[in-house]
Amino acid sequence: MSKQILVLAGDGIGPEIVAAAEKVLETVNNAFKLDLQWEHGLLGGVAIDQYGEPYPEATSEQAKKADAILLGAVGGPKWDQIERSIRPERGLLKIRSELNLFANLRPAILYPQLADASSLKPEVVAGLDILIVRELTGGIYFGQPRGIRELENGEKQGYNTDVYAESEIKRIAKVAFDLAGLRGGKVCSVDKANVLEVTELWKQTVSQEQQENYPNIQLSHMYVDNAAMQLVRAPKQFDVIVTGNLFGDILSDEAAMLTGSIGMLPSASLDEHGKGMYEPCHGSAPDIAGKDIANPLATILSVAMMLRYTFREETAAKAIEDAVGQVLDQGLRTADILSEGMTKVGTKAMGQAVVDVLNRTLK
Ligand code: NAD
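Definitions and cut-offs
- All residue numbers refer to positions counted from 1 along the written sequence of the respective chain.
- Given that the model is predicted, a residue must reach a pLDDT of at least 70 before its local features are reported, and side-chain atom pairs must reach 80 or more before they are shown or counted; all residues, however, enter totals for whole chains, interfaces and linings.
- Excluded from the side-chain calculation are hydrogens and water; included are all heavy atoms of the structure.
- When we say a residue is near a molecule or strand, we mean one of its heavy atoms is within 4 Å of it.
- Under this definition, polar contacts are N or O atom pairs within 3.5 Å; protein pairs additionally need one hydrogen-donor-capable and one acceptor-capable atom, and for neighbouring residues in sequence, both atoms have to be side-chain atoms.
- Note on areas: these come from Shrake-Rupley sampling with a 1.4 Å probe, and a residue is covered only by the protein chains present in the view.
- For this classification, Asp, Glu, Lys and Arg are treated as charged, while Ala, Val, Leu, Ile, Met, Phe, Trp, Tyr, Cys and Pro are nonpolar and the rest, including Gly, are polar.
- UniProt positions are given in the numbering used here, feature names are shortened, and annotations may be inferred rather than shown by experiment.
- Space inside and on the surface of the protein is sampled on a 1 Å grid over the protein atoms alone, with a cavity defined as a set of points where a 1.4 Å probe fits but cannot get out and a pocket as an open set with protein on both sides within 12 Å along at least 5 of 7 lines; lining residues have an atom within 4 Å of a point.
- Secondary structure elements are taken from DSSP: a helix is a run of H or I of four residues or more, a strand is a run of E of two residues or more, and numbering for both begins at the N terminus.
- When accessible area is computed with a 1.4 Å probe and restricted to protein chains, residues below 20% of their type maximum are described as buried, those above 50% as exposed, and intermediate ones as partly exposed.
- The rule for pairing is simple: two strands pair if DSSP sees at least two bridges between them.
- All axes are obtained by fitting lines to C-alpha atoms, using only the stretch in contact for helices, and the reported angles, taken between N-to-C directions, cover 0 to 180 degrees.
- Every residue pair with non-hydrogen atoms within 4.5 Å of one another is taken to be in contact.

1. Focus: the site of the ligand
Close to the ligand lie 18 residues, the nearest being Val-74, Glu-89, Gly-283, Ala-285 and Asn-295. Within the side chain of Glu-279, an N or O atom sits 3.2 Å from a nitrogen atom of the ligand. Backbone polar atom of Ser-284 to an oxygen atom of the ligand: 3.1 Å apart, as the coordinates give it. Considering the ligand on its own, with 810 Å² of exposed area, one finds that the protein chains cover 67% of that surface. Considered class by class, the residues forming the shell around the ligand number eight nonpolar, six polar and four charged.

2. Some words on the UniProt feature "binding site: Mg(2+)" (unreviewed entry) in the chain
The feature "binding site: Mg(2+)" (unreviewed entry), as given by UniProt, occupies Asp-225, Asp-249 and Asp-253 in the numbering adopted here. If you take the residues mentioned a moment ago, the ones lining the largest pocket come down to Asp-249 and Asp-253. In this fold, Asp-249 is placed in helix α9 (residues 245–258). Reaching out from Asp-249, the side chain makes a polar contact with the side chain of Tyr-141 at a distance of 2.7 Å. One can find Asp-253 in helix α9. Classification of Asp-253 by relative accessible area gives partly exposed; the value is 38%.

3. A short note on the sheet that holds strand β8 (residues 186–191)
In spatial order, the strands read β2-β1-β3-β12-β11-β4-β5-β10-β8-β9; together these ten strands make up an open sheet with mixed pairing. Looking along the sheet, the strands with just one partner apiece sit at the ends: β2 (36–41) and β9 (218–223). Across the sheet, the mean angle separating the axes of adjacent strands is 20° when strand polarity is ignored. Of the strand pairs in this sheet, strand β1 (residues 3–10) and strand β3 (residues 68–73) are connected by five bridges, and their pairing is parallel. Bridging across to β3, Leu-6 finds its partner in Ile-69. Against the sheet, helix α4 (residues 88–98) contacts β1, β3 and β12 (276–280), and its axis sits at roughly 150° relative to β12. Taken strand by strand, helix α6 (residues 166–182) contacts β4 (103–109), β5 (129–135), β8, β9 and β10 (240–243), and its axis lies near 165° from that of β5.

Spelled out as structure tokens, the structure:
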């Protein structure tokens, strides 16, 4: 039976970058006879416009049936004033939690051709290849109780709850250890165990999992403040970083910026069975939407992650990543990664350049 993909282009630059990625998907699907099929659905602002909610029932039905989801990005100023509970970003949180996409994988890879785009010295970042594994459906973003209450003295007080059960920590630790086994064999678990009990349990549980089931993986622990510092001081010391929802949110953006362009970074959010949602790390970039200038490479590289992690098609995944490298070798750059002497191209031309390389190399 053919495998099903749900494509959710979303808002802003979403439709442009997803269109480029679909052409790449079509090319590898034909070349490798992958037997993938896909249909389109609505998420975010476009869904609000049509159904009055960001994650309508129709999309939920499609998402449950699909083996994998390719997402552009959601949100934009048009929907910023509507009630918080039905804003586009709520759709994103809902689909992640409904599908139990608890493991967020964010690679921070610096293509050597783009070493100058980083704000760090090229020798500190050239060849950088880190994978951040962030727990995505628990922790302080979902913990109860939460809210803003009024104290007896009339002052308002905001409060949230950071909670992790052992089972939640174990399953994300397993993902990190399994992935480290396919890479450099090292995991750094990030916590704040000196202050927060919830992360003290995190640290103990990750250690126990390593001792019982992953003796060949080298595990280290680091406090989050130190990890934030080490990421800019000597980022190449890391292989896989595993951490909770809040710390992961911050550290993965920091790691993304090390590479100089958010337009280059893909991500995956997986459930326990390998079903996943794949999307670029950036948002819907309303400031450049509809102008054919957005960088489609993060979305194209998200397709490569989808082939690797959900469909286990490593050769096809690698072919896409190599094609992106070759396009950069040709000197083609979208505006966000442009440097002197390079050729500026738009979204469509960049996508087509990747397709052309694939057509040439996969003949
Ligand atoms: P953003 O990532 O959309 O944009 C930040 C900056 O990076 C902008 O200058 C933008 O032009 C640029 N940029 C982003 N992607 C690019 C690309 N592919 N090529 C070239 N330049 C690119 O973040 P923001 O401006 O904070 O948010 C805009 C909207 O996106 C908001 O509504 C926000 O809520 C939403 N958002 C959505 C997601 C998601 O769908 N996963 C993630 C983050 C933000």
